[in-house]
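Survey of secondary and tertiary structure
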There are 2 protein chains.
Amino acid sequence: MRKTSFYHVDVTALMETAQGKRFPDLVIMNANLVNVYTREIYSKASISICGNRIAYIGGKDDFKEGPRTRVIDATGKIAIPGFIEGHTHLAWLLPFHTFLPYAARGGTTTIITETMEMYPMGGRAAVEDFLDSLHHQPIKCLATAPAMGAISEEILGIPLKDLEIMLQRDDIIGLGESYWQNVFQNPHRFLPGFDRTLKMGKTLEGHSAGATGRKLAAYLCLGISSCHEPITAEQVVERLRCGIHAMVREGGIRSDLEAISKIVKMGVDLRYLCLVSDGIEPKALKQDGYLEAIVQKAIDVGFDPLDAIRMATLNVAEHFHLAGHIGGIAPGRYADILLLDDLRKIRPETVISSGKCIVEKGTLEIKPRIHAFSPASLNSVKLARPMTADDFTIPAHGDHEPSLMVRVIEMVTDLVTKESHISLHTQNGQLIHDPDSDILKISAIEGTQNQMRHFNGFIAGFGLKEGAFASTGAWDSANIIVIGTDARLMALAVNRVQELGGGIVVWGQREKLAELALPHYGLFADEPMDRIIAKLDRIIGMVQKLGCPFPNPLLSLRALTGSAIPYLRICENGLVNLKDGAIAPLILKERERS
Amino acid sequence: MRKTSFYHVDVTALMETAQGKRFPDLVIMNANLVNVYTREIYSKASISICGNRIAYIGGKDDFKEGPRTRVIDATGKIAIPGFIEGHTHLAWLLPFHTFLPYAARGGTTTIITETMEMYPMGGRAAVEDFLDSLHHQPIKCLATAPAMGAISEEILGIPLKDLEIMLQRDDIIGLGESYWQNVFQNPHRFLPGFDRTLKMGKTLEGHSAGATGRKLAAYLCLGISSCHEPITAEQVVERLRCGIHAMVREGGIRSDLEAISKIVKMGVDLRYLCLVSDGIEPKALKQDGYLEAIVQKAIDVGFDPLDAIRMATLNVAEHFHLAGHIGGIAPGRYADILLLDDLRKIRPETVISSGKCIVEKGTLEIKPRIHAFSPASLNSVKLARPMTADDFTIPAHGDHEPSLMVRVIEMVTDLVTKESHISLHTQNGQLIHDPDSDILKISAIEGTQNQMRHFNGFIAGFGLKEGAFASTGAWDSANIIVIGTDARLMALAVNRVQELGGGIVVWGQREKLAELALPHYGLFADEPMDRIIAKLDRIIGMVQKLGCPFPNPLLSLRALTGSAIPYLRICENGLVNLKDGAIAPLILKERERS
């Protein structure tokens, strides 16, 4: 699919256009130009564009106009560079062709995405299929290779062989986020890949949530050059002082901008500060927009508009060593230009992306290329046979006590968990959950290898009063994750997920209540945006109606297999306490029971 | 010679030191730290160093002290990053082991140098020999591959085969300066090399002297990302607005800082502004210092000290994509740290370079490694036979007119020339120069190929009343360049240069007046610093005494073969007008004589 490299420039045509020997294809005439390099705005700038790049910027009438030159009169408008998303997860419900219109409409012209969701679902081929879906689109995408932080031994750490092949691609510009605890606990799984990545001149994306002082320094000593996990201005400043790019997150997982905006008054230089979404919910994407909404919020919470714009353009480009290509309006750069009426109102009425006018008078003028995912994508989710209620029984392991102390995942917030020790009754050699006390069954099922490997445990505080809730796309894994009040309903939910070829299913006491098919790799829906949003709304509404108190129960469910949010998590091999990364046996040993 | 890469990090030891599991080798305790990333200065910082890198920065007592940890108490001192020279020519009179002490003493810890002088004198092997001389030294050097702007067809444009081999080296971080007119006049000689360099993720160093508007834009469209040639604040701002790093030059060729300092009041962001020397005279190096003097001058002419320091540290590192290794005091970076008493007085009393204390109480504590240049270096300057007065005759080419109009190089300043048309007498079929009217003979002799290829012309305004002045190291060439009032003296001077194996010779009416041998590649002296300075002083003094009005006649002489300073230049093939890069015949054609 990929024919032209992101880095390709038709230098001869571009040079000739700059020299005035050739007519530009497009001119943005007489704009007020935001120069992100000098942090200035100046008036009467006319931007001459050749193909996908900017050739020359002159004064009001300083451009050539040929018979096929399109001239956009930008008198009174403000021209700013197209936005660059520096950290996100595009393999998250929406295929890129569904996501793209909503991103493009608001002026995002380049996205750098993680690929970590793809790799467990189909290895390198799945990553490549995903990358193909991103190219030859009206906006540009680059990606990081998956680092594969994970709690499951089988998944942990991208194999060098695959990493090396991926690093050869010029659309892979770095190694994706590697969770600091994972790295410290398993340096042998990560450090060789770090070394290879740095040797290729590519970046190591960080994830240093909560790390401070010596731990943070030790992690950064490995060559990590970004972190999108700081949640306070103080954490941001600590990272900036360490000379890494701090990415302020404002998206589907967390909204940190308001808390971090305190930094404006702290007098530190913001050149290493970036704005990122880290992923965004389809509904928010449609309703609120994408990076334009984040930049707007940055302005609203107190950042100077010029700083806010730099945080979503030049600063991100600099971090990835891409400033020669994107991030500013200057000769040689991609012609990614937004026209605004007001510097404080980030609502581009015109969006130029790679020299093409993709939004005019606020209306999207392009259609994304529909990517046909590989046939293998439809067969990623594989269970050897339908599951039954028996698959979710939890043996007391020959212990004939009437009750046993077990480790339970306890929800502390909608994402953070802790390890609780709770006494559960046994019956017929099985441990019995207790829905009345909100102690439900949870199971993490390896979903790609036809082996039925799974682990059953207990979770407290998820709130379901009845039913089961299952999903593919469980973080940092190839798991189907399911929580339920009843083993039979859990089996029904998981089997429906399998029937769908991957997806999200809510099963009530009597019937299926909601579902969304994610047939491609168990990750991507294949429906129009509005239906996806409606189905997700219904899923969330139903799970909440069944008792779950969380704002986004799907996020809460999928994060339970994740390797980065403290503390007790689950995978097909068992419970894992992130404090040491080791398997924590379900049933407490005699000496642990006190 | 090179065993360890600049990029190598002992990550395990560094990480353990950061974690506090291992004692640091060196601690700078309780400093006031200049953080170039956040543009802050904060107190009570203790910097723990492991090997050549910074592991951790904590509060006053926040460091481990083992039995072999050296602790430098920096109470009351200011710690700033070691300086980085972003553009210079180290192949310029002093071998690196002679240059180094004077650079190191003032706190320069990394130098990025051109290699263009080496390549014409011995090809890739000479470049490699030079690179070897730079490594395993107490301060770090990186280099750019020679782009080979030149007026001589034979030299013009580095052959791709050699460039590709050089680009594989990790101490070659870019392609050196390519003069914009050369590139526009001969795109086929440059563009393929640009493409290869950019594909390797390395930088293209620019030279856009005098270019503005469309010409500048066209040049930058090729992927050029720096220019060290702006001489006014306005030229700097134009370059910064184009998103390239503007390098302010303050050295042996020009001193532009004062004029450019006006930029401080222009309200533009300075993150793309760098300080460079572009080469420095041995005497100035010894007397005034190196980058510390340039940073000092920046402060003296009005830059905020924090900005001035960033311009010689972080900003340079960013330009070359080296900010993960150098340019700031942060975990994982090289331990390159200067201790000052006063932020406005750039006189480091302590210099830490790659974790070693190389200057203590103002005294240099290290000795450079003496590099033995390859035996071939001694045989670079090769003439087939001694030259005679006859070699410098200039035939009137069968024209029997009593006088002929000829093109003459006329010195406009000490460096800039113009093309003058002057009528000269002929005698016995030869054109006769006119020392009384300051019209001297000049000859550019191909000095490496044993072929005696040379071109004789005339120069006006050089000022010699008698004698001859010859030198190797003529810019952008493999030429011996000689100017004289008398062909016999010119032959004597050139033959002495050849005897010396390269060098600089001043010959008076009766005797040799001064000389400096440059036996290695005709570029490097092999004597102690003081003798080199004394000999250069004598050379300059003698040439001035002979009538030359220029402050640095050696620079004026050598620049006459250069391809970047307007307008009429000379090489072994003839006179070349830089306006079109074509050979300009010595004798004007009939139609040109009007």
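For the structure given in this document, a descriptive report is provided here.

Some details on the overall build of chain A
Scanning chain A for helices and strands turns up 16 helices and 29 strands. What you see for chain A is a C-alpha radius of gyration of 25 Å, in line with the 25 Å of a compact globule of 594 residues. Considered along the principal axes of its C-alpha atoms, chain A spans approximately 90 × 50 × 45 Å. Expressed as a percentage of its 594 residues, the buried residues of chain A come to 65%. Of the contacts formed within chain A by residues at least 6 apart in sequence, a portion of 69% connects residues at least 24 apart. When the accessible area of chain A is evaluated, it comes to approximately 20400 Å², of which 50% is carbon and sulfur surface. Seen as two clouds, the 63 positive and the 69 negative side-chain charges of chain A have centres 3 Å apart.

Remarks on the sheet that holds strand S19 (residues 417-427) of chain A
All names here are of chain A. Strand order in the open sheet made by the nine strands is S20-S19-S18-S22-S21-S24-S23-S25-S26, with mixed pairing throughout. Each edge of the open sheet carries a strand with a single partner, namely strand S20 (430-431) and strand S26 (512-517). One ladder, built from seven bridges, connects strand S21 (residues 439-446) with strand S22 (residues 454-460); its direction is antiparallel. When the bridges of S22 are listed, alanine 444 appears paired with phenylalanine 455. Helix-sheet contacts for helix H14 (residues 487-499) involve S21, strand S23 (468-471), strand S24 (479-484), strand S25 (503-507) and S26, and the interaxial angle to S25 is about 150°. Packed onto the sheet, helix H15 (residues 529-545) meets S23, S25 and S26 and runs at close to 140° relative to S26.

Concerning the pairing of strand S15 (residues 350-353) of chain B
Residues and elements named next belong to chain B. Side chains Thr350 and Ile352 project from S15 onto one buried face, and the interleaved Val351 and Ser353 project onto a second face that is buried too. With three bridges connecting them, strand S14 (residues 337-340) and S15 associate as antiparallel partners. Looking at S15, one finds that isoleucine 337 is bridged to isoleucine 352. In this structure, S15 lies alongside strand S16 (residues 356-360), joined through three bridges in antiparallel fashion.

Observations concerning the layout of surface pockets
Residue and element names in this part refer to chain A. Estimates place the volume of the second largest pocket at around 870 Å³. As for the second largest pocket, its lining consists of 44 residues, of which His207, Glu229, Trp475, Ala564 and Ile565 are closest to the centre. Residue assignment for the lining of the second largest pocket shows that the elements contributing at least two residues are strand S9 (172-179), helix H5 (180-185) and helix H16 (553-558). Of the residues assigned to the lining of the second largest pocket, the class counts are 20 nonpolar, 14 polar and ten charged.

With respect to the sheet that holds strand S20 (residues 430-431) of chain B
Residues and elements named next belong to chain B. In spatial order, the strands read S20-S19-S18-S22-S21-S24-S23-S25-S26; together these nine strands make up an open sheet with mixed pairing. For this open sheet the edge positions go to S20 and strand S26 (512-517), each flanked by a neighbour on one side alone. When strand S18 (residues 403-411) meets strand S22 (residues 454-460), the two strands line up parallel, connected through two bridges. Across the sheet, isoleucine 409 pairs through a bridge with isoleucine 459, a residue of S22. Across the face of the sheet, helix H14 (residues 487-499) comes into contact with strand S21 (439-446), strand S23 (468-471), strand S24 (479-484), strand S25 (503-507) and S26 while running at roughly 150° to S25.

Side note on helix H11 (residues 291-300) of chain B
All names here are of chain B. The element H11 is extensively covered by neighbouring structure, given that seven of its ten residues are classed as buried. Listed in full, the buried residues belonging to H11 are Leu291, Glu292, Ile294, Val295, Gln296, Ala298 and Ile299. Structurally, H11 contributes buried residues whose contacts are with strand S6 (83-88), strand S7 (108-113), helix H9 (257-260), strand S13 (273-276), helix H10 (282-288) and helix H12 (305-311).

Points about unusual backbone geometry
All names here are of chain A. Cis geometry marks the peptide bond from proline 566 to tyrosine 567; its omega dihedral reads -5°. For tyrosine 567, the position within the fold is in the loop between H16 and strand S27 (568-571). A positive phi angle is found at serine 354, which is not glycine, with a value near 50°. Within the element layout of this structure, serine 354 appears in the loop between strand S15 (350-353) and strand S16 (356-360). The backbone phi angle of methionine 452 is positive, close to 65°, even though this residue is not glycine. By secondary structure assignment, the location of methionine 452 is in the loop between S21 and S22.

A few points about the relation of the copies chain B and chain A
Of the two same-sequence chains, chain B is brought onto chain A (RMSD 0.0 Å, axial shift 0.0 Å) by a rotation of 180°. Here the transformation between the copies is reduced to the relation of a two-fold axis. Mapped onto chain A, 100% of the interface residues of chain B are again interface residues, and the two copies thus contact each other with one and the same surface.

Quick word on the pattern of salt bridges
Per the stated rule, a full pass over the model turns up 66 salt bridges over all chains. A salt bridge links B:Asp269 to A:Arg310; the shortest N-O distance between them is 2.7 Å. Taken together, the positions of B:Asp269 in the loop between H9 and S13 and A:Arg310 in helix H12 (residues 305-311) put the pair across two chains. A residue is classified by how much of its surface remains accessible, and B:Asp269, at 18% relative accessible area, is buried. Judged by relative accessible area, A:Arg310 falls into the buried class, the value being 7%. Taken together, the shared-partner salt bridges in this structure form one network comprising A:Glu229, A:Arg249, A:Arg254, A:Asp256 and A:Asp278.

Observations regarding the interface of chain B and chain A
In this assembly, 49 residues from chain B lie in contact with 49 residues from chain A. Summing the contributions of chain B and of chain A, the shared interface buries around 4200 Å²; its carbon and sulfur component is 56%. When the area that chain B buries against chain A is broken down by residue, the three leading residues are B:Arg214, B:Arg241 and B:Arg271, summing to 21%. One can count six salt bridges joining chain B with chain A. When contributions to the side of chain B that touches chain A are tallied by element, the ones reaching two or more residues are helix H1 (11-19), strand S2 (40-50), strand S3 (53-58), helix H7 (213-220), helix H8 (233-241) and helix H13 (314-319) of chain B. Grouping the amino acids of the side of chain B that touches chain A by side-chain chemistry returns 27 nonpolar, eleven polar and eleven charged.

Comments concerning the packing of aromatic side chains
All names here are of chain B. Inspection of the entire model under this criterion finds 24 aromatic pairs over all chains. Relative to phenylalanine 524, the ring of phenylalanine 130 lies with its centre 5.9 Å away and its plane at 25°, an arrangement referred to as stacked. On the criterion of sequence distance, the pair formed by phenylalanine 130 in helix H3 (residues 118-134) and phenylalanine 524 in the loop between S26 and helix H15 (529-545) is long-range, its members being 394 residues apart. Classification of phenylalanine 130 as buried rests on a relative accessible area of 1%. With a centroid separation of 5.6 Å and 75° between ring planes, the pair formed by phenylalanine 462 and phenylalanine 550 is classed as edge-to-face. Within this pair, whereas phenylalanine 462 is found in the loop between S22 and S23, its partner phenylalanine 550 is found in the loop between H15 and helix H16 (553-558), the two being separated by 88 residues in sequence.

Observations regarding the nonpolar core
Counting 405 residues, the largest nonpolar core has A:Ile263, A:Phe462, B:Ile263 and B:Phe462 as its most contacted members. Ignoring any residue separated from it by four or fewer positions in sequence, one finds A:Ile263 in contact with A:Ala233, A:Val236, A:Val237, A:Leu240, A:Val268, A:Leu270, A:Leu273 and A:Phe303.

Quick notes on the state of the cysteines
Residue and element names in this part refer to chain B. In this structure the tally under the stated criterion is zero disulfides over all chains. Here cysteine 227 stays free of any disulfide, with the sulfur of cysteine 242 as its closest cysteine sulfur at 11 Å. The buried category is assigned to cysteine 227, whose relative accessible area is 0%.

Here's the deal with the environment of A:Ile370
Residues and elements named next belong to chain A. With respect to the secondary-structure elements, isoleucine 370 resides in the loop between strand S17 (363-364) and strand S18 (403-411). Under the relative-accessibility criterion, isoleucine 370 is labelled exposed at 62%. A C-alpha to C-alpha distance of 8.5 Å links isoleucine 370 and threonine 98, two positions 272 residues apart in sequence.

Focus: the packing of helix H4 (residues 160-168) of chain B against helix H6 (residues 187-199) of chain B
Residues and elements named next belong to chain B. Relative to each other, H4 and H6 sit at 15°, their axes nearing to 10 Å. Looking at the two axes, H4 sits roughly parallel to H6. As H4 packs across H6, the resulting crossing turns out to be right-handed. Residue-level contacts link Leu160, Leu163, Glu164 and Leu167 of H4 to Pro192, Gly193, Arg196 and Thr197 of H6.

Some points on helix H1 (residues 11-19) of chain A
Looking only at H1(A), the buried set comprises A:Ala13, A:Leu14, A:Met15, A:Thr17 and A:Ala18. Those residues of H1(A) hidden inside the fold are in contact with strand S2 (40-50) and strand S3 (53-58) of chain A together with helix H5 (180-185) and H7 of chain B. Where H1(A) ends, the next residue or the one after it, A:Gly20, has phi of about 85°, a positive value.

Quick look at the side chain of B:Thr115
Residues and elements named next belong to chain B. Take threonine 115: it is sitting in the loop between S7 and H3. The class for threonine 115 is buried, based on a relative accessible area of 0%. Polar contacts involving the side chain of threonine 115 include one to the main-chain carbonyl oxygen of threonine 144, which spans 2.8 Å.

Reading guide: rules and limits
- Residues numbered from 1 in each chain as written.
- Chains lettered and ligands numbered in written order.
- Predicted model: local features only at pLDDT ≥ 70, side-chain atom pairs only at ≥ 80, totals over all residues.
- Heavy atoms only, no water.
- Helix = DSSP H or I, 4+ residues; strand = E, 2+ residues; numbered from the N terminus.
- Rg over C-alpha atoms; globule rule 2.2 N^0.38 Å.
- Buried < 20%, exposed > 50% of the residue type's maximum accessible area, 1.4 Å probe, protein only.
- Contact = heavy atoms within 4.5 Å.
- Areas by Shrake-Rupley, 256 points an atom, 1.4 Å probe, with all protein chains shown as cover.
- Lys, Arg positive; Asp, Glu negative; His and termini not counted.
- Charge placed at Lys NZ, Arg CZ, Asp CG, Glu CD.
- Pairing = 2+ DSSP bridges.
- Axes fitted to C-alpha atoms, helices over the stretch in contact; angles between N-to-C directions.
- 1 Å grid on protein atoms, 1.4 Å probe; cavity = no way out; pocket = protein on both sides within 12 Å on 5 of 7 lines; lining within 4 Å.
- Points joined across faces, edges and corners; volume = space filled by probe spheres on them.
- Nonpolar A, V, L, I, M, F, W, Y, C, P; charged D, E, K, R; others polar.
- Least-squares fit on C-alpha atoms with pLDDT ≥ 70 in both.
- Salt bridge = Lys/Arg side-chain N within 4 Å of Asp/Glu carboxyl O.
- Buried area = accessible area lost by both parts, 1.4 Å probe.
- Phe/Tyr/Trp six-rings, centres within 6.5 Å; stacked < 30°, edge-to-face > 60°.
- Core = buried A, V, L, I, M, F, W, Y, C linked by side-chain atoms within 4.5 Å.
- Disulfide = S-S within 2.5 Å.
- Parallel < 35°, antiparallel > 145°, perpendicular 65-115°, else oblique.
- Left-handed = near helix turned anticlockwise from the far one by under 90°.
- Polar contact = N/O pair within 3.5 Å; in protein donor to acceptor, adjacent residues only side chain to side chain.

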